[in-house]
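# Per-entry structural report
Each chain is listed here by its residues.
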Amino acid sequence: MPDALEASLDRAASLCARRGAQLTELRRQVLRLVLESGQPVGAYALLDRLKASRAGAAPPTVYRALDFLVEQGLIHKVERLGAFIGCAEVEEHPDDCDCGAAHDHPHQFLICARCGGTMEISDPGVALALHRAAAAAGFALTRSTVEAEGLCAACRDAAG
């Protein structure tokens, strides 16, 4: 996993550089912590982990890094949980993609009400249905995130 994580971080740095942005060492550290968590993680949990290597880290430090990572499309904020999760597409993003600053994709989150596990899916059909419904209401949708709550397969199976 360390090699895969380093490859994801290097891809993120390359994406930022192609967009004229910089994945500073602090931003890279915060991104690493988000990706290592494997589940949505809150800003204060990240701050606690960051303090292990940066004793002077403060909430604004983490929030600025998180804002940058969200703006760059490297992570998503799961509003329902008030937490952040790595973007599945960035972790698998091809190195030779020249998608520019518009690296955005329709994303939806499936959140387990029992264990809190969160899965990102990217179903264009869901995004299209939402755009069509918004247009029918006279609304010009520019961005959307869908968060659906239910039970993951493991919790559903455990419930019998």
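Given the structure is predicted, the values throughout are model-derived calculations rather than measurements.

Along the backbone of the protein there are 7 helices and 5 strands. Here the protein holds 160 residues, and 35% of them are scored as buried. For the protein, contacts bridging at least 24 residues in sequence account for 56% of all contacts bridging at least 6. Entry remark: accessible area of the protein is about 8900 Å², with carbon and sulfur atoms responsible for 53%.

Relative to the helices and strands, His76 is located in strand β1 (residues 75-78). Side chain to side chain, His76 and His107 meet in a polar contact 3.4 Å long.

Attention now moves to the layout of surface pockets. One number sums up the size of the second largest pocket: a volume of about 190 Å³. If you go around the second largest pocket, you meet 14 residues; those closest to its centre are Leu110, Ile111, Cys112, Leu151 and Cys152. For the lining of the second largest pocket, the residue count by class is 9 nonpolar, 4 polar and 1 charged.

Let us look at the nonpolar core. Judged by nonpolar contacts, the single largest core of 26 residues is most densely connected at Leu23, Leu31, Leu66, Leu69 and Leu74. Listed by contribution, the elements that provide at least two residues to this core are α1 (2-18), α2 (25-37), α3 (43-50) and α4 (59-71). In terms of residue count, α2 provides more of this core than any other element does, 6 residues in total. With near-sequence residues (within four places) excluded, Leu31 lies in contact with Leu9, Ala12, Leu23, Leu69, Leu74 and Ile75.

Once that is clear, we can look at the pattern of salt bridges. Tallying each qualifying case throughout the model produces 5 salt bridges. A salt bridge links Arg28 to Asp10; the nearest nitrogen and oxygen atoms lie 2.8 Å apart. With a gap of 18 residues between them, Arg28 in helix α2 and Asp10 in helix α1 connect regions that are remote in the sequence. Taking relative accessible area as the criterion, Asp10 reaches 42% and is therefore assigned partly exposed. For Glu149, the salt bridge identified is with Arg80, shortest N-O distance 2.7 Å. Note that Glu149 is positioned in strand β5 (residues 145-150) and Arg80 in the loop between β1 and β2 (83-86), a separation of 69 residues in sequence. One salt-bridge network, held together by shared partners, links Glu6, Asp10, Arg28 and Arg32.

Parts of the prediction with low pLDDT should not have their coordinates interpreted in detail. In the predicted model, the protein carries a mean pLDDT of 88, and 89% of its residues have values of at least 70. Ignoring residues within four places in sequence, the model shows residues 95-103, a span with pLDDT below 50, making 14 contacts including any to other chains.

If you walk through the whole model with that rule in mind, you get 1 aromatic pair. Over the face of the ring belonging to Phe68 we find Arg27, whose NZ or CZ atom lies 3.7 Å from the ring centre.

With that settled, the discussion passes to the sheet that holds strand β3 (residues 107-112). Here we have 3 strands laid out as an open sheet, ordered β4-β3-β5, and mixed in their pairing. The open sheet is flanked by β4 (118-121) and β5, the only strands paired with a single partner. Recorded for the sheet is a direction-independent mean angle of 20 degrees between the axes of neighbouring strands. In this sheet, β4 lies alongside β3 in antiparallel orientation, the contact comprising 4 bridges. Each residue of the ladder has a partner; that of Leu110, found in β4, is Met119.

Definitions and limits used
- Per chain, residues are indexed from 1 in the order of the written sequence.
- Under the rules for a predicted model, residues below a pLDDT of 70 receive no local features and side-chain atom pairs below 80 are neither given nor counted, while totals for whole chains, interfaces and linings still include all residues.
- Side-chain measures were taken over the full set of non-hydrogen atoms in the model, leaving aside hydrogen atoms and water.
- Going along the chain from the N terminus, every DSSP run of H or I of four or more residues is numbered as a helix, and every run of E of two or more is numbered as a strand.
- Relative accessible area decides the class of each residue, using a 1.4 Å probe on protein chains only: under 20% of the type maximum gives buried, over 50% gives exposed, and in between gives partly exposed.
- The criterion used for residue contact is that any of the two residues' heavy atoms lie within 4.5 Å.
- Note on areas: these come from Shrake-Rupley sampling with a 1.4 Å probe, and a residue is covered only by the protein chains present in the view.
- Under this definition, polar contacts are N or O atom pairs within 3.5 Å; protein pairs additionally need one hydrogen-donor-capable and one acceptor-capable atom, and for neighbouring residues in sequence, both atoms have to be side-chain atoms.
- Whether a set of points on the 1 Å grid over the protein atoms alone is a cavity depends on a 1.4 Å probe fitting there but being unable to get out, while an open set qualifies as a pocket with protein on both sides within 12 Å along at least five of seven lines; lining residues are those with an atom within 4 Å of a point.
- Grid points are joined across faces, edges and corners, and a volume is the space filled by probe spheres set on the points.
- Here the nonpolar group is Ala, Val, Leu, Ile, Met, Phe, Trp, Tyr, Cys and Pro; Asp, Glu, Lys and Arg are the charged ones; every other residue, Gly included, is treated as polar.
- Throughout this description, the term nonpolar core refers to a set of buried Ala, Val, Leu, Ile, Met, Phe, Trp, Tyr and Cys residues connected via side-chain atoms within 4.5 Å.
- The salt bridge criterion pairs a side-chain nitrogen of Lys or Arg with a carboxyl oxygen of Asp or Glu, the two atoms within 4 Å.
- On a scale of 0 to 100, pLDDT captures the predictor's confidence in every residue.
- Here a pair means two rings of Phe, Tyr or Trp (six-membered ring of Trp) with centres within 6.5 Å. Their orientation is stacked below 30 degrees between planes, edge-to-face above 60, and tilted elsewhere.
- Cation placement over rings: the criterion is NZ of Lys or CZ of Arg within 6 Å of the ring centroid and within 35° of the ring normal.
- Two strands qualify as a pair provided DSSP detects at least 2 bridges between them.
- For every element, the axis is a line fit to its C-alpha atoms; helices are fit only across the contacting stretch, and the angle between N-to-C directions ranges from 0 to 180 degrees.

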